[in-house]
Amino acid sequence: MTTQTIQTVGIIGAGTMGNGIAQVCAQSGINVVMVDISDAAVSKGLAAIAGSFDRLIKKDKLTAEQKAAALARITTSTDYAALNAAQFVIEAATENEALKIKILGQLDAQLAPEVIVATNTSSISITQLAATTKRADRFIGMHFFNPVPMMALVEIIRGLQTSDATHDAVKDLAVRLGKSPITVKNAPGFVVNRILVPMINEAFFVLSEGLATPEDIDAGMKLGCNQPIGPLALADMIGLDVCLAVMEVYLNQFGDSKYRPCPLLKEYVAAGYLGRKSGRGVYAY
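Residues numbered from 1 in each chain as written. Predicted model: local features only at pLDDT ≥ 70, side-chain atom pairs only at ≥ 80, totals over all residues. Heavy atoms only, no water.

## Some remarks on the sheet that holds strand β2 (residues 31–35)
Right, on to step 1. Taken in spatial order, the 8 strands make up an open sheet running β3-β2-β1-β4-β5-β6-β7-β8, and their pairing is mixed. Since the sheet does not close on itself, it has two edges, and those belong to β3 (74–77) and β8 (180–185), each with one partner. Averaged over all pairs of adjacent strands, the angle between their axes in this sheet comes to 25°, without regard to strand direction.
Right, on to step 2. Taken together, the 4 bridges between β2 and β3 define a ladder with parallel strand orientation. Within β3, the residue paired with V32 across the bridge is I74. (Pairing = 2+ DSSP bridges. Helix = DSSP H or I, 4+ residues; strand = E, 2+ residues; numbered from the N terminus. Axes fitted to C-alpha atoms, helices over the stretch in contact; angles between N-to-C directions.)

What follows is the structure in structure tokens.
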């Protein structure tokens with residue numbers, strides 16, 4: 001399969017990631033079928049896309065005509081049968097392994113054998129998920145970054161079973177969507193989160209040792225490493241509970257003490273200081 005034969009992309013999940021992927025596909029001239037469990041969920045996803053387009057119009061990055069054309073390329077459904085039109089399907093449901101395996105089983109039953117299926121997982125083993133499907137050689141990780149319309153990076157993760165043809169078709173599609181893909185072998189955290197989350201954890205060690213204030217730690221990394229946001233502010237944005245969970249996965253999977261979560265990070269999570277979503281993390285919101 002070449003990327004040009006992909007005229008319609010199916011997307012499972014109309015949440016933040018799913019509707020973001022739907023938006024970039026539609027803007028790139030590709031038809032989209034966005035599926036979720038309820039009419040309310042798909043309507044909310046569609047409204048988020050329309051809102052995102054309106055912000056682009058205000059910034060003169062999109063015209064009203066382009067918005068209308070892109071929205072016309074998106075159809076929504078609560079029925080997996082609607083995916084029959086797709087040559088490629090991306091699973092972007094909640095980060096829950098049992099749920100993803102259930103969805104992949106439903107896709108196997110619904111889709112033609114040659115259809116490539118990708119998952120947008122940020123943490124679950126691609127090899128492990130592929131083994132639960134009937135199309136292991138045509139299964140791959142396609143990890144977009146949030147917010148999808150703004151972030152150029154896509155991690156393309158090969159499971160042990162992923163064929164070269166599948167990898168090449170998905171890489172071509174990422175480029176067609178205006179993204180800059182990198183190819184990654186399957187491993188916990190892939191590349192970006194494998195480097196990023198331990199860096200955040202180390203920032204908590206620095207904070208717990210009283211080496212500097214949170215503001216100065218973040219300023220140091222912004223000014224010294226040219227990062228747009230400091231690691232502690234970023235942790236608040238991601239959610240301290242999410243950062244802790246990822247570190248615990250690394251410690252468990254690699255069995256290496258360098259991945260031990262900082263006790264202060266654990267303490268903040270125990271206190272319910274989860275970051276922006278709870279109104280308090282390292283900083284108060």
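## A look at the state of the cysteines
Right, on to step 1. Summed over all chains, the structure comprises 0 disulfides.
Right, on to step 2. Note on C225: no disulfide assigned, nearest cysteine sulfur contributed by C243 at a separation of 18 Å.
Right, on to step 3. C225 sits in the partly exposed class, given a relative accessible area of 45%.
Right, on to step 4. C243 forms no disulfide, and the closest cysteine sulfur to it belongs to C262, at a distance of 12 Å. (Disulfide = S-S within 2.5 Å. Buried < 20%, exposed > 50% of the residue type's maximum accessible area, 1.4 Å probe, protein only.)

## A closer look at a positive patch on the surface
Right, on to step 1. Taken together, the side chains of R55, K58, K59 and K61 present a region of like positive charge at the surface.
Right, on to step 2. Along the polypeptide, K61 turns up in the loop between α2 (39–58) and α3 (64–72).
Right, on to step 3. Residue classification places K61 among the exposed residues on the basis of a relative accessible area of 57%. (Patch = residues over 30% accessible without salt bridge, like charges linked within 9 Å, V, L, I, M, F, W, Y side chains within 5 Å. Areas by Shrake-Rupley, 256 points an atom, 1.4 Å probe, with all protein chains shown as cover. Salt bridge = Lys/Arg side-chain N within 4 Å of Asp/Glu carboxyl O. Lys, Arg positive; Asp, Glu negative; His and termini not counted. Charge placed at Lys NZ, Arg CZ, Asp CG, Glu CD.)

## Overview of the UniProt feature "site: Important for catalytic activity" (unreviewed entry) in the protein chain
Right, on to step 1. UniProt marks H143 with the feature "site: Important for catalytic activity" (unreviewed entry), using the numbering shown here.
Right, on to step 2. Tracing the backbone shows H143 in strand β6 (residues 139–144).
Right, on to step 3. Of the residues examined, H143 reaches a relative accessible area of 5% and is grouped as buried.
Right, on to step 4. Discounting residues that sit within four places of it in the chain, H143 has contacts with T119, N120, T121, S122, L153, V154, E155, I157, F190 and N193. (UniProt positions renumbered as here; feature names shortened; annotations may be inferred. Contact = heavy atoms within 4.5 Å.)

## A short note on the packing of aromatic side chains
Right, on to step 1. A complete count under the given rule lists 5 aromatic pairs for this structure.
Right, on to step 2. Between Y250 and Y259, the aromatic rings sit 5.6 Å apart at their centres with planes inclined by 70°, giving edge-to-face as the arrangement. Each member of the pair, Y250 together with Y259, is buried.
Right, on to step 3. Of the aromatic side chains, those joined through ring pairs into one cluster are F204, Y268 and Y273.
Right, on to step 4. When the ring centre of Y273 is taken as reference, the NZ or CZ atom of R280 above it lies at 4.1 Å. (Phe/Tyr/Trp six-rings, centres within 6.5 Å; stacked < 30°, edge-to-face > 60°. Lys NZ or Arg CZ within 6 Å of the ring centre and 35° of its normal.)

## Concerning the pattern of salt bridges
Right, on to step 1. Under the defined criterion, the tally for this structure stands at 7 salt bridges.
Right, on to step 2. A salt bridge links D137 to R138; the nearest nitrogen and oxygen atoms lie 2.9 Å apart.
Right, on to step 3. For D137, a relative accessible area of 33% corresponds to the partly exposed category.
Right, on to step 4. The class of R138 is buried, set by a relative accessible area of 19%.
Right, on to step 5. The salt bridge partner of D241 is K277, with a shortest N-O separation of 2.9 Å. Residue D241 is located in helix α10 (residues 240–254), and its partner K277 is located in the segment after α11 (263–270); the two are separated by 36 residues in the primary sequence.
Right, on to step 6. Note on D241: relative accessible area 26%, which makes it partly exposed.
Right, on to step 7. Connected through salt bridges with shared partners, the residues E91, E95 and K100 form a single ionic network.

## Observations regarding the pairing of strand β5 (residues 116–119)
Two faces belong to every sheet, and in a regular strand the side chains alternate between them.
Right, on to step 1. With burial as the criterion, each face of β5 is covered, one bearing I116 and A118 and the other bearing V117 and T119.
Right, on to step 2. In the sheet, strand β4 (residues 88–91) pairs with β5 via 4 bridges, with the strands oriented parallel. The residue bridging E91 from the neighbouring strand is T119, located in β5.
Right, on to step 3. Crossover connection from β4 via helix α4 (residues 97–110) to parallel β5: handedness right-handed.
Right, on to step 4. Taken together, the 3 bridges between β5 and β6 define a ladder with parallel strand orientation. Counted as the bridge partner of A118 is I140 from β6.
Right, on to step 5. Crossover handedness for the path β5 to helix α5 (residues 126–131) to β6: right-handed. (Right-handed = clockwise from strand over helix to strand, strands pointing away.)

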